[in-house]
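# Residue-level structural notes
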Amino acid sequence: MIEKLITRLDGVKRTGKGQYTARCPAHNDKLPSLTVTERDGKVLFHCFAGCAPADVLAAVGLEFSDLYPERPTYNKGSRRTAAFNPYDVLKCLAREAGIVALAARQIVHKAPLSETDAERVELAYNRLRDASEFMGVRL
């Protein structure tokens, strides 16, 4: 994933394993002020001149999604078509359950959900439902 970014930068120098410095493309950078690191499959970068990450990516024609690993695909009808890291699955399920719990708490306190929040709760529900169906459990 890191290659997608560093191949579009100028003045790239390797500073360690999975670590680089480069001139930031979002401003007129004379000396390298951008650090790029790959850690645990994630691309991390920071401009010490203060450029926003979205501006850095836009300057090289990338979006955040370009730096994410490709998602494994699966068939809802088949339980063994993709290998998922159990820790990552539990983290995702916990996040989705947390969204539903926060919305429930807001409703209990008689605070209305915005349309955006309601859509996100629906997405969380759909993801939880899909995960349970994938495991052969009906909600």
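Everything that follows concerns the structure shown earlier in this document.
In this text, all values refer to a predicted model and were calculated from it rather than measured experimentally. (Residues numbered from 1 in each chain as written. Predicted model: local features only at pLDDT ≥ 70, side-chain atom pairs only at ≥ 80, totals over all residues. Heavy atoms only, no water.)

Examined against the element boundaries, T37 turns out to sit in strand β3 (residues 34-39). The class of T37 is buried, set by a relative accessible area of 14%. The residues contacting T37, other than those within four sequence positions of it, are I2, G18, Q19, K42, V43 and L44. (Helix = DSSP H or I, 4+ residues; strand = E, 2+ residues; numbered from the N terminus. Buried < 20%, exposed > 50% of the residue type's maximum accessible area, 1.4 Å probe, protein only. Contact = heavy atoms within 4.5 Å.)

Here strand β2 (residues 19-23) pairs with β3 via four bridges, running antiparallel. Across the sheet, Q19 pairs through a bridge with T37, a residue of β3. Pairing of β3 with strand β4 (residues 42-47), which is carried by six bridges, proceeds in the antiparallel orientation. The residue of β4 that forms the bridge with E38 is V43. The turn joining β3 and β4, which pair antiparallel and follow one another in sequence, is formed by two residues; a positive phi near 55 degrees is taken by D40. (Pairing = 2+ DSSP bridges.)

Attention now goes to helix α4 (residues 115-134). Spanning 20 residues, α4 covers 28 Å between terminal C-alpha atoms, matching the ideal 28 Å at 1.5 Å per step. Along α4, the residues classified as buried are V121, A124, D130, S132 and F134. Each element contacted by the buried residues of α4 is listed here: α3 (86-108). Phi for G136, located one or two positions after α4, is positive at around 85 degrees. (Expected span 1.5 Å × (residues − 1).)

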